[in-house]
Amino acid sequence: MKLEKEYDDSWRWTADLIVKYAPENYDERGIYRKDEWTSSSDIGKVYDGKRFTREEYLETEDKYVQAVIRGMELAGCSFLTVEYLSIHRNKSNMKRFTPKDPKDPLHEQNKALYDMFLSIKEGMRIHISQKEKAVRLNLREFMNCDLTNKKKDFYVRFGFDYYMYFNSNIDKCILKKEIEKIGLYFNPR
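Bear in mind that the values here come from a model prediction, so they are computed numbers and not experimental data. Residue numbers restart at each chain and count upward from 1, following the sequence in its written direction. Reporting in this predicted model follows two pLDDT cut-offs: at least 70 for local features of residues, and 80 or more for side-chain atom pairs to be given and counted; totals over whole chains, interfaces and linings ignore these cut-offs and use all residues. Neither water nor hydrogens contribute to the side-chain values; these are computed over all heavy atoms in the structure.

A.B. asks: Explanation requested: the sheet that holds strand 5 (residues 125-127) in the structure shown.
C.D. replies: Two modes of strand pairing occur in sheets, parallel and antiparallel, and in both the strands are linked by backbone hydrogen bonds. In spatial order, the strands read 5-4-6-7-8-1-9; together these seven strands make up an open sheet with antiparallel pairing. Of all strands in the sheet, those with a lone pairing partner are strand 5 and strand 9 (185-186), marking the two edges. A pair of strands is treated as paired once DSSP finds two or more bridges between them. Numbering goes from the N terminus for both helices and strands, where a helix is a DSSP run of H or I of at least four residues and a strand is a run of E of at least two. In this structure, strand 7 (residues 154-158) lies alongside strand 8 (residues 164-168), joined through five bridges in antiparallel fashion. Considered in strand 8, the bridge of Phe-154 is made with Ser-168. Against the sheet, helix 5 (residues 131-139) engages strand 5, strand 6 (144-149) and strand 7, with an angle of about 145° to strand 6. Residue contacts are defined here by distance: any two heavy atoms, one from each residue, within 4.5 Å place the two residues in contact. Angles run from 0 to 180 degrees between N-to-C directions of axes, and those axes are lines fitted to C-alpha atoms, restricted for helices to the stretch in contact.

A.B. asks: Quick question: what am I supposed to make of the nonpolar core here?
C.D. replies: Considering soluble globular proteins, one finds that nonpolar side chains tend to be buried as a cluster. Definition of nonpolar core: a set of buried residues of the types Ala, Val, Leu, Ile, Met, Phe, Trp, Tyr and Cys, connected through side-chain atoms within 4.5 Å. Only protein chains enter the area calculation, which uses a 1.4 Å probe; residues under 20% of their type maximum are buried, those over 50% are exposed, and those in between are partly exposed. One finds Tyr-57, Ile-120, Leu-147, Phe-154, Met-164 and Phe-166 to be the most contacted residues of the largest nonpolar core, which totals 55 residues. With eight residues, helix 1 (residues 54-75) is the single largest residue contributor to this core. When sequence neighbours within four positions are dropped, the list of residues in contact with Tyr-57 reads Trp-37, Ser-39, Ser-40, Ile-43, Phe-52, Leu-106, Leu-139, Arg-140 and Tyr-162.

A.B. asks: Looking at this model, I keep getting lost on the packing of aromatic side chains. Mind explaining?
C.D. replies: Each pair of aromatic rings is reported with the distance of its centres and the angle of its planes. The criterion for an aromatic pair is that two Phe, Tyr or Trp rings (for Trp, the six-membered ring) have centres within 6.5 Å, with stacked assigned to planes under 30 degrees apart, edge-to-face to planes over 60 apart and tilted to the rest. In total, this model carries 15 aromatic pairs according to the counting rule given. On the basis of an interplanar angle of 80° and a centroid distance of 6.0 Å, the ring pair of Tyr-57 and Tyr-162 is categorised as edge-to-face. You can see Tyr-57 sitting in helix 1 and its partner Tyr-162 sitting in the loop between strand 7 and strand 8, a full 105 residues away along the chain. Under the relative-accessibility criterion, Tyr-162 is labelled buried at 3%.

Given below as structure tokens:
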């Protein structure tokens, strides 16, 4: 009988948080207090009196992809390895790649991820040309995994509600500057 390896989450103590959430909206305990979208499923919902659009979603998702690419560049990585993969290829998840109705806001973008969704597996190397799909699959909650390059000491992890974490030896001042240039926040709380 194959035993699943236990997930070690001690990385959280040294991780750098990268998010779309502005620092001024965290309270003194580090809890985010503004009502804001947290998932692609929130497209079409209203926040602060304004409907959240597909374009706004994709703009933010693109920033997360850019952050991973920039982190890889700074760490000198040409690939990341899939670790601790959690993916369920059941009927309900497979339906997410087909439109429930013609108005599905991300149908065309999801179709572009389909082949990677079917082929991704733990231990797989994701080369820099494929990293965009792996990041988007995590952000759209099709899967959850860590993307790592142990040789370069670079780790990307995804949490709920659009939280992304980096563990690396990249100089924090440089990384902060690069992340903020992209339009995201580095350790905002």
